[in-house]
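If you want the building blocks of each chain, they are given just below.
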Amino acid sequence: MLETSGETLDPEDWRAFRLQSHQMLDDMLDYIENLRERPVWQKIPADVRAVFQAPMPKAPGDLASAHEIFMKDVLPYAIGNAHPGFMGWVHGGGTPVGMMAEMLAAGLNANLGGREQIPVEVERQLLRWVCELFAFPDTASGLFVTGTSMANFISVLVARTSVLGTAAREKGLPAEHRLVAYTSASSHVSIAQAMDMAGIGTLALRRIAQNEQYQMDATALEMAIEQDKAAGLRPFMIAASAGTVDVGAIDPLNEIADIAKRFGIWFHVDGAYGALGMLSVDIAPLLAGIEHADSIAFDFHKWGQVPYDAGFVLVKDGELHRSTFSSPAAYLQRETRGMAAGSPWPCDFGPDLSRSFKALKTWFTLQVYGSEKLGRIISNTCALARYLRQRIETASMLELLAPVALNIVCFRYLGSDKLNADIVVALQESGIVAPSTTMIKGRLAIRAAIVNHRTQRRDIDALIDAVISLGDTLGKTDEYK
Ligand SMILES: Cc1ncc(COP(=O)(O)O)c(C=O)c1O
């Protein structure tokens, strides 16, 4: 008889495991409840980094010790986006509800590639909800993905199919494809990356000039398309931004939709964080025209506050989307009954076959908070940005560098780029509040992106007070004169 070990990875002592698990849950809830008492971010000591250079363990350890390492050496040294003082880049804050849902999803360990299972129905329900939100037809398709970078990539591939057909999937791009796409000068780098990964190349991405509001200039767009057509090129996609990463500008979506329609070009909207502004009564009107998009890329993990990661791609022509990705394989045979029923599957709409249950934490977030409250949270981040603008405008040593369209504010302390860069580093190291930097018209800006639902006026006050005090102190030293 063949010997088998009978060994599994389940606990030998479930009671002890349960006690330890409850402790882990409590510790994490304590962390979230008391976030304000902690620094936003802190420098990583060398001995902490060294913990993660140890070799792979061969013998079993125990859960309590692993948890202890997490509490001591991981948790305090995360980037801090859950903290109310975090304003760097565009990161969502997460919620305890999302955290609990993520735990349930991990326990279920569902693989959302496809097949006949309710987890896939949950994802389809989310798709219907977002179709309603963006006034898309019920023939539209959509998919949870890691983030907007992946959603932009998928959209470029579907747009490519819309002009070249599925032949390009077999033969690759024709040597002289002549495809060209258009985006604003400050669109996110993932659009160019998508052109690169799609084999079209970044040089085929035209950077259209912006107006004073940092929105794509529709007249310049039209001229660029006409010029390219006259030169024998094939304009195939316009990638507009609904909330640019730098300043939160929304491109003129209705005008761009008209141009796309007139020239028969795919109209894509990168709405990484801005698209969910549709949940907010005062932001939704600013997004008018988004309903004309052929595809939208956005993240629930930004303004939607769903824990990382939860990106989404929405495509109006579901059939075209499917034809861009579906691939026959004997082991993915579909049936009308049994576990292999329920076709088409999510794996027919993107490159991932194994997929996590991102839909569950998003579903819980909407079930528990409701779309109206999430919308109010979004509105509030914009109100905080306007409050920050007001404080900047009334401080003589501060200068506003860009209009405040949504929730991002770019400003600086009067002085050099280096002074402002060092103020930002000092702020981050202080642990009080953490903005990041960007370049606006060649000048370094302190950039506060207010995305986190926990951020309040006192955090804005702390930012302004700290910038002024650091600017006053550092500015007096010889280094910055
Ligand atoms: C406008 C815009 N597009 C794309 C992205 C990339 O999104 P992700 O980080 O989810 O891939 C971002 C990220 O901040 C963004 O702001």
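Going by the structure above, here's the rest.
Residues numbered from 1 in each chain as written. Predicted model: local features only at pLDDT ≥ 70, side-chain atom pairs only at ≥ 80, totals over all residues. Heavy atoms only, no water.

A. Structural context of the site of the ligand. The immediate surroundings of the ligand are formed by 13 residues, with Thr148, Ser149, Asp270, Asp299 and Lys302 found nearest. About the coverage of the ligand: the protein hides 85% of its 390 Å² of free accessible area. Here the shell around the ligand is built from residues that sort into three nonpolar, seven polar and three charged. (Near = heavy atom within 4 Å. Areas by Shrake-Rupley, 256 points an atom, 1.4 Å probe, with all protein chains shown as cover. Nonpolar A, V, L, I, M, F, W, Y, C, P; charged D, E, K, R; others polar.)

B. Representation of the packing of aromatic side chains within the structure. As enumerated under the stated definition, the model contains 10 aromatic pairs in all. Ring geometry for Trp363 against Phe364: centres 5.6 Å apart, planes inclined by 70 degrees, an arrangement best described as edge-to-face. In this structure Trp363 comes out as partly exposed when scored by relative accessible area, which is 24%. Classification of Phe364 by relative accessible area gives partly exposed; the value is 23%. Against the face of Phe136 rests Lys316, its NZ or CZ located 4.6 Å from the ring centre. Cation over ring: Arg457 sits above Tyr387, and NZ or CZ is 3.9 Å from the ring centre. (Phe/Tyr/Trp six-rings, centres within 6.5 Å; stacked < 30°, edge-to-face > 60°. Buried < 20%, exposed > 50% of the residue type's maximum accessible area, 1.4 Å probe, protein only. Lys NZ or Arg CZ within 6 Å of the ring centre and 35° of its normal.)

C. Examining the sheet that holds strand 6 (residues 295-299) more closely. Here seven strands make up an open sheet; going across it, the order is 1-7-6-5-4-2-3 and the pairing mixed. Of all strands in the sheet, those with a lone pairing partner are strand 1 (141-145) and strand 3 (205-208), marking the two edges. On average, each strand axis in the sheet is tilted by 20 degrees relative to the strand beside it, whichever way the strands run. (Pairing = 2+ DSSP bridges. Helix = DSSP H or I, 4+ residues; strand = E, 2+ residues; numbered from the N terminus. Axes fitted to C-alpha atoms, helices over the stretch in contact; angles between N-to-C directions.)

D. Structural view of the sheet that holds strand 9 (residues 408-413). One open sheet holds the four strands; their spatial order is 8-9-11-10, and the pairing between them is antiparallel. Since the sheet does not close on itself, it has two edges, and those belong to strand 8 (398-400) and strand 10 (436-440), each with one partner. Going from strand to strand, the sheet's axes swing by 45 degrees on average, the running direction of each strand aside. Bridge count between strand 9 and strand 11 (residues 443-449): four bridges; the pairing is antiparallel. Across the sheet, Phe411 pairs through a bridge with Ile446, a residue of strand 11. Packed onto the sheet, helix 13 (residues 417-430) meets strand 9, strand 10 and strand 11 and runs at close to 30 degrees relative to strand 11. (Contact = heavy atoms within 4.5 Å.)

E. Structural view of the environment of Leu221. With respect to the secondary-structure elements, Leu221 resides in helix 9 (residues 218-230). Assessed through its relative accessible area of 0%, Leu221 is described here as buried. Distance in space between the C-alpha atoms of Leu221 and Tyr369 is 40 Å, their sequence separation being 148 residues. Setting aside anything within four residues of it in sequence, one finds Leu221 in contact with Tyr182, Ile208, Met216, Ile238, Ile256 and Ile259.

F. Geometry of a negative patch on the surface. Taken together, the side chains of Asp26, Asp30, Glu33 and Glu37 present a region of like negative charge at the surface. You can see Glu33 is positioned in helix 1 (residues 14-33). (Patch = residues over 30% accessible without salt bridge, like charges linked within 9 Å, V, L, I, M, F, W, Y side chains within 5 Å. Salt bridge = Lys/Arg side-chain N within 4 Å of Asp/Glu carboxyl O. Lys, Arg positive; Asp, Glu negative; His and termini not counted. Charge placed at Lys NZ, Arg CZ, Asp CG, Glu CD.)

Read these as spatial facts, not as claims about activity.
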